[in-house]
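Here's the letter readout for the chains.
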Amino acid sequence: MTQHETQDDRRSAADNGLQAEFVERWRDAAYNCYSSGHKFCREVCPVMQVTRDEAHTPTAFHANIVAMEMGHLSVEDVARDYVHCTQCGACELRCPNTLFTGDFYRFRTRTVEVVRAMRALAVDSGVEQEGWKRWVELTDRSRSEPVMGDIEVSQDHVADWARGLDIPIGGETLLFCDCEGAFFRTSTPRAAARILKVAGVEFGLMQEQWCCGGPAAEMGYVEKARSFAEHNIADWRSVGAKRIIVFDPHDYITFTEDYPRYFGDDFDFEIVLMVELVAELVRDGKLELSRPVEKTVTYHDACRLNKRKGIHEAPREILRAIPGLTFKDVDHVTQWSYCSGAGAGLGIERPDLTAEISRRRIERAAELEVDALVSACVWSERPLSEQGGKRAEPIEVLDLLELVAQSAGLDDEKVGS
Amino acid sequence: MTSVMLSDPVVGELVSIVGRDRLFTDPAARFNRARVPAPFPVHRWAEHIPDAVVLPVSAQEVSEVVKLANRHRIPVVPRAGGTGLTDGAVPLKHGIVIDIKLMNKVFELDLEDRTVTVGPGINMLKLNEELRKHDVIYPDDPASYPCSLVGGRIGTSGWSLIGGRYGHTRDLVISFEMVLPTGEIVRVGDGGGKKVRKSSSGYQLKHLFMGHQGTLGIVTEATLELVPRPEAEFAAFFSYEDYESAWRSTGTLARSGLATLAGVVLFDEWKLRYLRRDDEAYIPQPDSVRAVVAVAMYGVADEVRPAAKRIMRIGKDTGGSYLGDEISQGDWASRHDRYATPLHGRLPDRQVAPMSWHCEDASINWSQLPKVREKWHALVSDLIARHPIFDDWGMFAYTNGAYKPWGDYLTEIDVGIWEQELDDESWEAWVNCKRDIAAVALEHGGSMSACHGSCRAGEVDLVPDELGGGFEIMKKIKKALDPNNIMNPGKYLLDRAYEDAGETP
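Residues numbered from 1 in each chain as written. Chains lettered and ligands numbered in written order. Predicted model: local features only at pLDDT ≥ 70, side-chain atom pairs only at ≥ 80, totals over all residues.

Draft legend 1. How the structure looks around the overall build of chain B. When you go through chain B residue by residue, the secondary structure sums to 17 helices and 18 strands. On C-alpha atoms alone, chain B measures out to a radius of gyration of 23 Å, which is about the 23 Å that the 2.2 N^0.38 rule sets for 505 residues. Taken along its principal axes, the extent of the C-alpha atoms in chain B is 70 × 60 × 40 Å. Burial analysis of chain B (505 residues in total) assigns 56% to the buried set. Within chain B, counting contacts between residues at least 6 apart in sequence, those at least 24 apart form 71% of the total. (Helix = DSSP H or I, 4+ residues; strand = E, 2+ residues; numbered from the N terminus. Rg over C-alpha atoms; globule rule 2.2 N^0.38 Å. Buried ≥ 20, exposed ≤ 12 C-beta atoms within 10 Å, placed from the backbone. Contact = placed C-beta atoms within 7 Å.)

Pasting the structure below:
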């Protein structure tokens, strides 16, 4: 067994310049966590709640950097541990440094960024995860994510979801359809499109939509992600688009955080989140929710909305506006520790963990004695549905937009799955 | 370095006990289980790396691993949350870390006899999320409430912020199952069945296995007390113009005899200065505010409401000014998070430096608090004058008794340390300072630790002085239960139990 005496060897093997640069960039932020030692982030972490492995904690994600600076660990030693994160952001919110003194010092614990940076360092250092590598290669080949399961993904079919809806190409406002929505849960983009039409919002589709690139960036393939971004932006510009509507929270993060980082001030598009737009349309009387939906539901706070963007009120406002619906709410702070486990590629490398995180989320819903769990994140809906369907008393998983369409009387034929 | 190398056959045996998935020998798994938030010489991190880590899921697995270690004379270090403020979970002599975090199940909830039986890897906040549905709680409430685990609470004999009302860990854990250093599985409690709170049968072994810092075995299951979920909470923060008035007021409040009184906390002038560096709760307070006293009460509304009036009257009669509902309710609600942040660290030239929070705690009688306070601050000032990487973050004193919150106080001085800059010389100075801090506590009739344990470098040297003949009994017990000194060796000077006979394993 290799033991303590090998540390110096490890230091020289790993020191390819990239790691030193990475450590220099993150050392002080990492030390702010290391020195605190509160570890309050752990029990809200959806992955840690399942694995109970200290190496999968936000504390370890920061401490490793301190150890790397001292030459104890290298990117090869830790890369696999950083797979164990959904980039949900709960740990950042629960960090006392963020909660109580962050404003004053203009400091926020940025574990999600640390995880992304470490994954990028791993890829750049040639330490790749097989599942992610294949996923990104396939995305590169077919321009859309391969999505999971036996589904044909190609540019020939990227707009199949919109068949029969008569949506034009181009225009000032575009609806960007996430890959999972385009190829798997097509009922969600169809609901989105029909809602926009009935509310009188003019919009079109891209000429040739590619993956947003967000998942590749989350897995560490930054250059690849950027090339997708460049294509999409060029497509937006070529049709004169100024406003992009997204229904998927992952796209929302990519367009509001990654794209501005890639393109700086040149990125001058307005990004509109569908749930916020729907809440506004309902509020302004432009979208009438008049058909009662006789169901008892609870709402799953999508991590990237609730924890990453602080958006938790709009979806609740919409649910409360649906007649007939019994809405059993769980507050958004309690939901810091909830997740579907689907984010940031966890389901590709550790499908067992995604399934278990989803199972626990579904059990939380079941305790409330509801018929359905409503989500506003299309990526969460597949693992949650799988677990909901496995129960003796199944729990249905609905997308908020599907529910809105139903209440607005916008019936649609079943499409896709 | 006295490293025990795990030979490959041992790894094979570990795999046969816990399986390949729950045995870790990779460097990251081991480095991340080498430290706790106690003062840590970062520059000597590599000296405390375990050789292997296992995550067992049952008492049987723990027992098998311990028996294996005992057979091969390999050190075993139990690890729960790894959030302790003494070095209990630091593997001083390498060996196998038994990390019990996966043992976090709730086995039985008994609402009739008011107990819950759990695995030691469960966290109190998580447990209470389950219990609140049944209108009961497990009221063990340390500063580490959101992250520490039941097993670690037993290993350190923890203290609870609301112990004046509900008791501390030793009072709240009714009984538990332990794996002894030779691998036997036993149950210890006050006597009788696992849900009996009071018995006169036999030796009171529960206390023996409470606060042993992992030197006598590993807890694998615990039966805990349940109390009605409090329907009313009341918190009041009072300010004073000088420490002495605040100290006198603290004593009067604590002695009030109100059954719902859960705790009284005294903040000294240094603590206020530290919080004022940037804390929004204290910046707006006038300069005349030099000390603060916080009071908290829990219980049924019929008792708490009238008692709250009494508290307000005592606070005012003893010179306090009420700081208002926002600070009182807000600061109390954020009591686990607010008071120690590395971002508040300052060098003597007032530059911000990221510092670790280190809390030296002691049990001090109320009458001795002012003298201990003066001496402790003087010791830390002297340290800072010689080594500017340290910073005085002030003192708290908390009521320390269970159910009767008067008499002695958990007294802490918080010291910021810029650990990145530590070297052998400054570490040595710190260890000496800690020993001096502990000596002051003993001089004034106190104990050198109310809640963390006394096995850190420095103060540990004084344990034989503090315990008198008790330390000789500790050594005998240690040797009797752990003949090969495998269970967390190097802690509490217990290696001496074996050195005396010239038979150090």
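Draft legend 2. Examining the sheet that holds strand S2 (residues 52–54) of chain B more closely. Residue and element names in this part refer to chain B. Strand order in this open sheet of 4 strands is S1-S2-S4-S3, and the pairing throughout is mixed. A single partner strand is all that each edge strand has here, and the edge strands are strand S1 (23–24) and strand S3 (76–79). The sheet contact formed by S1 and S2 spans 2 bridges and is antiparallel. For Phe 24, the partnering residue across the bridge sits in S2 and is Val 53. With respect to the sheet, helix H3 (residues 59–72) is in contact with S2, S3 and strand S4 (96–99), its orientation differing from that of S4 by roughly 170°. (Pairing = 2+ DSSP bridges. Axes fitted to C-alpha atoms, helices over the stretch in contact; angles between N-to-C directions.)

Draft legend 3. Up close: the nonpolar core. Judged by nonpolar contacts, the single largest core of 279 residues is most densely connected at Val 278 and Val 404 of chain A together with Val 293 and Met 297 of chain B. Leaving out residues up to four positions away in the same chain, Val 293 of chain B has contacts with Phe 238, Tyr 240, Ala 246, Ser 249, Thr 250, Leu 253, Val 264, Val 265, Leu 266 and Gly 320 of chain B. By size, the runner-up hydrophobic cluster in this structure holds 6 residues, among which are Val 460, Met 474, Tyr 492 and Leu 494 of chain B. (Core = buried A, V, L, I, M, F, W, Y, C linked by C-beta atoms within 7 Å.)

Draft legend 4. Spatial organisation of the domain arrangement of chain A. Residues and elements named next belong to chain A. Under the domain assignment used here, chain A contains domain 1 (4–124), domain 2 (154–280) and domain 3 (288–407). Look at where the C-alpha atoms of domain 1 and domain 2 centre, and you get two points 32 Å apart. Opposite the 6 residues of domain 1 that make contact, domain 2 presents 6 residues. Of the residues belonging to the side of domain 1 that touches domain 2, the class tally is 3 nonpolar, 1 polar and 2 charged. (Domains from an automatic or database assignment. Nonpolar A, V, L, I, M, F, W, Y, C, P; charged D, E, K, R; others polar.)

Draft legend 5. Spatial organisation of the confidence of the model for chain B. Per-residue pLDDT for chain B has a mean of 94; in total, 98% of the residues score no lower than 70. Interface predicted TM-score (ipTM) for the complex: 0.94; the corresponding pTM is 0.94. (pLDDT = per-residue confidence, 0-100.)

Draft legend 6. Focus on unusual backbone geometry. Residue and element names in this part refer to chain B. Residue His 94 is not a glycine yet carries a positive backbone phi of 65°. Inspection of the secondary structure assignment puts His 94 in the loop between S3 and S4. Phi is positive for Gln 213, which is not a glycine, with a value near 55°.

Draft legend 7. Broad picture of the packing of helix H19 (residues 351–367) of chain A against helix H20 (residues 378–390) of chain A. Residue and element names in this part refer to chain A. Across the interface, H19 lies against H20 with an axial gap of 8 Å and an inter-helix angle of 65°. Handedness of the H19/H20 crossing: right-handed. Every residue of H20 that contacts H19 at Thr 354, Ala 355, Ser 358, Arg 359, Arg 361 and Ile 362 is listed here: Pro 383, Leu 384, Glu 386, Gln 387 and Gly 388. Residue composition of the contact of H19 with H20, by class: 4 nonpolar, 4 polar and 3 charged. (Left-handed = near helix turned anticlockwise from the far one by under 90°.)

Draft legend 8. The sheet that holds strand S2 (residues 243–246) of chain A, seen in detail. All names here are of chain A. Spatial ordering of the open sheet is given by S1-S2-S3, a layout of 3 strands whose pairing is parallel. Only two strands of the sheet have a single partner each, and these edge strands are strand S1 (173–176) and strand S3 (270–273). The sheet shows a mean angle of 25° between the axes of neighbouring strands, taken without regard to direction. Note that S2 and S3 share 4 bridges and pair parallel.

Draft legend 9. Here's a closer look at the interface of chain B and chain A. Listed as interface residues are 46 residues of chain B and, on the opposing side, 37 residues of chain A. Only helix H1 (8–18), helix H2 (27–31) and helix H4 (124–131) of chain B provide two or more residues apiece to the side of chain B that touches chain A. A class-by-class count of the residues in the side of chain B that touches chain A yields 21 nonpolar, 14 polar and 11 charged.

Draft legend 10. How the structure looks around the domain arrangement of chain B. All names here are of chain B. Each assigned domain of chain B is listed with its residue range as follows: domain 1 (8–99), domain 2 (106–228), domain 3 (340–459) and domain 4 (461–499). On a C-alpha basis, the centres of domain 1 and domain 3 stand 29 Å from each other. Contact residues are listed per partner, giving 11 residues for domain 1 and 14 residues for domain 3. By residue class, the composition of the side of domain 1 that touches domain 3 is 6 nonpolar, 4 polar and 1 charged.

Draft legend 11. Broad picture of helix H11 (residues 187–198) of chain A. Residue and element names in this part refer to chain A. Compared with an ideal rise of 1.5 Å per residue, which puts 12 residues at 16 Å, H11 spans 16 Å between its outermost C-alpha atoms and is within 8% of the ideal. With 9 of its 12 residues buried, H11 lies for the most part within the structure. If you check which residues of H11 are buried, you get Ser 187, Thr 188, Pro 189, Arg 190, Ala 191, Ala 192, Ala 193, Ile 195 and Leu 196. Positive phi appears at Gly 200, one or two residues downstream of H11, with a value of about 80°. (Expected span 1.5 Å × (residues − 1).)

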